[in-house]
Amino acid sequence: MKVPYFDLKTQYAGLRGEILEAVDRVCRNASFSLGDEVAAFEKEFAAYCEAKHCIALNSGTSALHLALLAAGVGPGDEVITSPNTFIATAEAIAYTGAKIVFVDIDPLNSNIDPQLAERAITPRTKAILPIHLYGRPADMDALEKIARPHKLALIEDACQAHGARFRGRRVGALGNSGAFSFYPSKNLGAYGEAGALVTNEDRVAEYCRAARSHGEAHRYFHDFIGYNYRMEGFQGAVLRVKLRHLDEWSANRKALAQRYHRQLGAARLDMPQDDPRDECAYHLFVVYVDKRDSVKQQLEERGIGTAVHYPRPLHLQKALANLGYRAGDFPDAERACERALALPFFPEMTEEQVDYVADSIMEITGKR
Ligand SMILES: Cc1ncc(COP(=O)(O)O)c(C=O)c1O
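The shown structure was predicted, so the numbers you read here are calculated from the model rather than taken from an experiment.

### Examining the site of the ligand
No. 1: Close contacts around the ligand come from 16 residues, with G60, T61, D157, S181 and K186 the closest.
No. 2: Q160 places a side-chain nitrogen or oxygen 2.9 Å from an oxygen atom of the ligand.
No. 3: K186 is positioned such that a nitrogen or oxygen atom in its side chain is 3.0 Å from an oxygen atom of the ligand.
No. 4: When each cavity is represented as a set of grid points, the ligand is found to reside in the largest pocket.
No. 5: Those elements that provide at least two residues to the shell around the ligand are α3 (60-70) and α4 (88-96).
No. 6: Top element by residues in the shell around the ligand is α3. It accounts for three residues.
No. 7: Considering only residue class, the shell around the ligand consists of seven nonpolar, seven polar and two charged.

### What to know about the layout of surface pockets
No. 1: Roughly 470 Å³ of volume is contained in the largest pocket.
No. 2: As for the largest pocket, its lining consists of 26 residues, and the residues nearest its centre are F86, S181, Y183, K186 and Y310.
No. 3: If you list the elements that add at least two residues to the lining of the largest pocket, you get α3 and α4.
No. 4: With three residues, α3 is the single largest residue contributor to the lining of the largest pocket.
No. 5: Along the lines of polarity and charge, the residues of the lining of the largest pocket split into 13 nonpolar, ten polar and three charged.

### Some details on empty space enclosed by the protein
No. 1: According to the stated counting rule, one finds two cavities of 30 Å³ or more in the structure shown.
No. 2: Those elements that provide at least two residues to the lining of the largest cavity are α1 (8-29) and α8 (233-266).
No. 3: Taken together, the residues that form the lining of the largest cavity break down as five nonpolar, two polar and five charged.
No. 4: Domain assignment of the residues forming the lining of the largest cavity places at least three in each of domain 1 (8-240) and domain 2 (246-365).
No. 5: Taken as a whole, the second largest cavity encloses approximately 50 Å³ of empty space.
No. 6: Lining the second largest cavity, in full, are Y134, R136, H261, M271, P272, Y282, L284, F285 and V286.
No. 7: Here the residues of the lining of the second largest cavity are counted per class, giving seven nonpolar, one polar and one charged.

### Observations regarding the pattern of salt bridges
No. 1: Within this structure, the stated rule accounts for 23 salt bridges.
No. 2: When the shortest N-O distance is used, the salt bridge between E42 and R209 registers 3.3 Å. Within this pair, whereas E42 is found in helix α2 (residues 36-48), its partner R209 is found in helix α7 (residues 202-211), the two being separated by 167 residues in sequence.
No. 3: Residue R209 is classed as partly exposed on the basis of its relative accessible area of 33%.
No. 4: One salt bridge connects E216 with R219, and the closest N-O pair in it is separated by 3.5 Å.
No. 5: With a relative accessible area of 54%, R219 lands in the exposed category.

### Quick look at the side chain of D104
No. 1: As for its position among the elements, D104 is in the loop between β3 (99-102) and α5 (114-119).
No. 2: Buried D104, no salt bridge; nearest opposite-charge side chain is R335, N-O distance 10 Å.
No. 3: Among the polar contacts listed, one links the side chain of D104 to the backbone nitrogen of D332, at a separation of 2.9 Å.
No. 4: Looking at D104, its side chain comes within polar contact range of the main-chain nitrogen of A333, at 2.9 Å.
No. 5: Not counting residues up to four positions away in its chain, the partners in contact with D104 are I112, D113, L116, F330, P331, D332 and A333.

### Describing the packing of aromatic side chains
No. 1: Per the stated rule, a full pass over the model turns up 16 aromatic pairs.
No. 2: Taken together, F41, F45, Y48, F180 and F182 form an aromatic cluster joined through their ring pairs.
No. 3: Cation over ring: R170 sits above Y48, and NZ or CZ is 4.2 Å from the ring centre.

### Details of the sheet that holds β3
Each strand in a sheet pairs with another by means of backbone hydrogen bonds, the pair being arranged parallel or else antiparallel.
No. 1: On the basis of which strands lie adjacent, the open sheet formed by seven strands has the order β1-β9-β8-β5-β4-β2-β3 and mixed pairing. The sheet is open, and its two borders are formed by β1 (53-57) and β3, each paired with just one other strand. This sheet shows a mean twist of 25° between the axes of neighbouring strands, independent of strand direction.
No. 2: Note that β1 and strand β9 (residues 195-199) share five bridges and pair antiparallel. Counterpart to C54 in the pairing with β9 is V198.
No. 3: Of the strands in this sheet, β4 (125-128) and β5 (153-157) are in contact with helix α6 (residues 140-147), which crosses β5 at around 155°.

Analysis parameters
- Residues numbered from 1 in each chain as written.
- Predicted model: local features only at pLDDT ≥ 70, side-chain atom pairs only at ≥ 80, totals over all residues.
- Heavy atoms only, no water.
- Near = heavy atom within 4 Å.
- Polar contact = N/O pair within 3.5 Å; in protein donor to acceptor, adjacent residues only side chain to side chain.
- 1 Å grid on protein atoms, 1.4 Å probe; cavity = no way out; pocket = protein on both sides within 12 Å on 5 of 7 lines; lining within 4 Å.
- Sits in = over half its atoms within 2 Å of the grid points.
- Helix = DSSP H or I, 4+ residues; strand = E, 2+ residues; numbered from the N terminus.
- Nonpolar A, V, L, I, M, F, W, Y, C, P; charged D, E, K, R; others polar.
- Points joined across faces, edges and corners; volume = space filled by probe spheres on them.
- Domains from an automatic or database assignment.
- Salt bridge = Lys/Arg side-chain N within 4 Å of Asp/Glu carboxyl O.
- Buried < 20%, exposed > 50% of the residue type's maximum accessible area, 1.4 Å probe, protein only.
- Lys, Arg positive; Asp, Glu negative; His and termini not counted.
- Contact = heavy atoms within 4.5 Å.
- Phe/Tyr/Trp six-rings, centres within 6.5 Å; stacked < 30°, edge-to-face > 60°.
- Lys NZ or Arg CZ within 6 Å of the ring centre and 35° of its normal.
- Pairing = 2+ DSSP bridges.
- Axes fitted to C-alpha atoms, helices over the stretch in contact; angles between N-to-C directions.

Without other data, these values stay purely geometric and don't point to any function.
In structure tokens, the structure reads:
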């Protein structure tokens, strides 16, 4: 049996009619940058996130950047985050001129450890930036308790967590603002690059709306130096179509994740744990295995595609060598990066495919 790591083509086959109609609408209206479709998507995605505002952007990276700028983060400030993530989280901090301060993860769920975040606070700290890694909510209550007395901004990297709930509330606008990515492989993926920022704060929304479009208050009147971070019309139209299917895809993801969990959990395979009070968005299904690269190779020989998110923690990346971190500084993040293996996972996957992958990995790792 062949099981791809990921499959966007099957999804498109089911959506083709709706997508082509939406793309045609954009062409007929000639609204290629922002425009009606993007404005409608902003309303719909804000409602989906149970947030007051959504500002549609050209990527999740831009959303993180604007979220930090809106919080007033700049040169001389420090922002606390964790190193087991995609580099965009750290890059956004670097763009502002602030210093990236890493703390280790909680090995149980691979998210930032709130106690370690608290210990890293200095008089220069301006914000905490938790990542809801793989779609699993970070402990926002604990982080909020830490952030509030120090008047720190709390910005969520929700790029992998569309629709996740922390203690019943949708992630994204639990802190001051949150960043979503609609990179094609995300749970809600565009047909190109796209992202959004959500917030309940009017001031943040107003700043980000202007900042995404060259600091423009009115056409050709610029209040400050901004960016071209606008979402394309096509992406807004595609995302509107796909948002209508997201709940159904999320339900499939949850059922498939539970099936993996039952089988692999019984075999005592190590994996990030869910908190029963929360709802994970199940962006990726990751397990932790020893000799990961050999397991990956053996799965490939059986026709099973996998991926590694992420092979090297950010504090050991060449691009961030200037921060002066060394191997051993964040042992839990380092161990996660050595052992993480993302298994095939997409809403159209069949139960037979899940069983085949689960059987294969249990056989290869001798965990039966
Ligand atoms: C955790 C995380 N943060 C940030 C990003 C950046 O999003 P984008 O690729 O849309 O810029 C991504 C997505 O790739 C991500 O997974």
